[in-house]
Amino acid sequence: MNFRVGIGFDLHRLGPNTPLTLGGIVIPHPLGLIGHSDGDVLCHAITDALLGAAGIGNIGELFPETDPALKGVSSLGFLEKVVALVRAKGYEIGNIDSNILAERPRLLPFFPAMSERIASALGIESGRIQVKAKTMEGLGEIGAGQAMAAEAVALIFSK
Ligand code: MG
């Protein structure tokens, strides 16, 4: 077996009048993530982890913020496109682990739905996707509720 790993990280500012979308799930919250797409930091971190693992660039190259066609799109579409590129290189996804860095709201109840949604976009079983979350103990911009971030690692393999 040939294994490769990749790491991804993303951060977006929070602002009013936009939904909070994380892992493809809209979560009730007064503030949402500001971005050219839906600002889904978790999907963006996983997208970059998969691209890094396969050695095929990064999210900014494939899905540039200057592309008007990507305005407001669901970031689950990024995962669908990237997994096709990963498979075209002869790799399958082993597993993905991730952390969302957010002060509030409490995200634990949404983890199963996020895993299901991400797994569905990637065409794998949800048991291969782990979603976790951490607060920043009130420190920094994330701790102040001005931003959210996510980090992810992806293992891919070929036989
Ligand atoms: Mg992003």
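For the structure, check the block above.
Source: prediction; values computed, not measured. Residue indices begin from 1 for each chain and proceed along its sequence in written order. Reporting of local features is limited, given that this is a predicted model, to residues whose pLDDT is at least 70; pairs of side-chain atoms are given and counted only at 80 or more, and all residues count toward the totals for whole chains, interfaces and linings. Only hydrogens and water are set aside when side-chain values are computed; all heavy atoms of the structure are taken into account.

(A) Looking closely at the overall build of the protein. Helix and strand counts for the protein stand at five helices and seven strands. Atoms counted for the radius of gyration: C-alpha only. Globule rule: 2.2 Å times the number of residues to the power 0.38. Its C-alpha atoms give the protein a radius of gyration of 15 Å, within 12% of the compact-globule value 15 Å for 159 residues. Overall, the C-alpha framework of the protein stretches about 45 × 35 × 25 Å when taken along its three principal axes. Put simply, the protein has 159 residues, and 48% of those count as buried. Two residues qualify as a contact provided that any one of their heavy atoms is within 4.5 Å of a heavy atom in the partner residue. Once local pairs closer than 6 in sequence are excluded, the contacts in the protein between residues at least 24 apart make up 74%. Calculation of accessible area relied on Shrake-Rupley with a 1.4 Å probe; when residues are assessed, cover is drawn exclusively from the protein chains displayed. Carbon together with sulfur atoms contributes 56% to the accessible area of the protein, which is approximately 7700 Å² in total. Secondary structure follows DSSP: runs of H or I at least 4 residues long count as helices, runs of E at least 2 residues long count as strands, and numbering of each begins at the N terminus. A simple rule labels every residue: compare its accessible area, found with a 1.4 Å probe on the protein chains alone, to the largest value its type can have, and call it buried under 20%, exposed over 50%, or partly exposed in between.

(B) Representation of the coordination of the magnesium ion. For the magnesium ion, the full set of protein donor atoms is D10 (OD), H12 (NE2) and H44 (ND1), at a range of 2.1 to 2.2 Å. Metal sites are built from N, O and S donor atoms within 2.8 Å, or 3.2 Å for Na, K and Ca, and they leave out water, so they may look incomplete. All donors of the magnesium ion belong to a single chain; written as a sequence motif, their spacing is D-x1-H-x31-H. On the criterion of sequence distance, the pair formed by H12 in strand 1 (residues 2-15) and H44 in helix 1 (residues 41-54) is long-range, its members being 32 residues apart. Just as H12 is buried, H44 falls in that class too.

(C) Region of the structure containing the nonpolar core. Counting residues in hydrophobic clusters, the biggest one holds 45 residues, and the most contacted among them are L22, L50, L79, M114 and L122. Looking at this core element by element, the count peaks at 10 residues for helix 1. The residues touching L22, leaving out its near neighbours within four places in the chain, are I27, L33, D40, V41, I100, L107, M114 and M148. In this description, a nonpolar core means a group of buried Ala, Val, Leu, Ile, Met, Phe, Trp, Tyr and Cys residues linked to one another through side-chain atoms lying within 4.5 Å.

(D) Representation of helix 3 (residues 76-88) within the structure. Helix length check: helix 3 (13 residues) gives 19 Å between terminal C-alpha atoms against 18 Å at 1.5 Å per residue, within 8%. Phi turns positive, to about 95°, at G90, one or two residues after helix 3. Expected helix span is computed as 1.5 Å times (number of residues minus one).

(E) Layout of the sheet that holds strand 1. Ordered in space as 4-1-7-5-6, the five strands form an open sheet in which the pairing is mixed. A strand with exactly one partner marks an edge of an open sheet, and here the two such strands are strand 4 (32-33) and strand 6 (129-134). Should DSSP find at least two bridges between two strands, the strands are regarded as paired. Taken together, the two bridges between strand 1 and strand 4 define a ladder with antiparallel strand orientation. Note on strand 4: the bridge partner recorded for L14 is L33. To get an axis, a line is fitted to the C-alpha atoms, and for a helix only the part in contact is used. The angle between two axes follows their N-to-C directions and goes from 0 to 180 degrees. With respect to the sheet, helix 1 is in contact with strand 1, strand 4, strand 5 (92-101), strand 6 and strand 7 (147-158), its orientation differing from that of strand 1 by roughly 150°. Contacts between helix 4 (residues 111-122) and the sheet are confined to strand 5 and strand 6, with strand 6 contributing the most and set at about 140° to the helix.

(F) Up close: the side chain of S37. Position of S37 among the secondary structure elements: in the loop between strand 4 and helix 1. Reaching out from S37, the side chain makes a polar contact with the backbone nitrogen of G39 at a distance of 3.3 Å. Polar contact criterion, stated in full: a pair of N or O atoms within 3.5 Å, where within protein one must be able to donate a hydrogen and the other to accept it, and residues adjacent in sequence count only if both atoms are side-chain atoms. Of the polar contacts made by the side chain of S37, one reaches the side chain of S75; its length is 3.4 Å. Residues contacting S37, with those up to four places away along its chain left out, are H44, L70, G72, V73, S75 and F78.

(G) The arrangement of the pairing of strand 5 in detail. Burial analysis of strand 5 places seven of its 10 residues in the buried class, the great majority of the element. Where strand 5 meets strand 7, nine bridges bridge the pair, whose relative direction is antiparallel. Its bridge partner being in strand 7, L101 is matched across the sheet by A149. In this sheet, strand 6 lies alongside strand 5 in parallel orientation, the contact comprising six bridges. Bridge assignment links I100 to a residue of strand 6, and that residue is A133.

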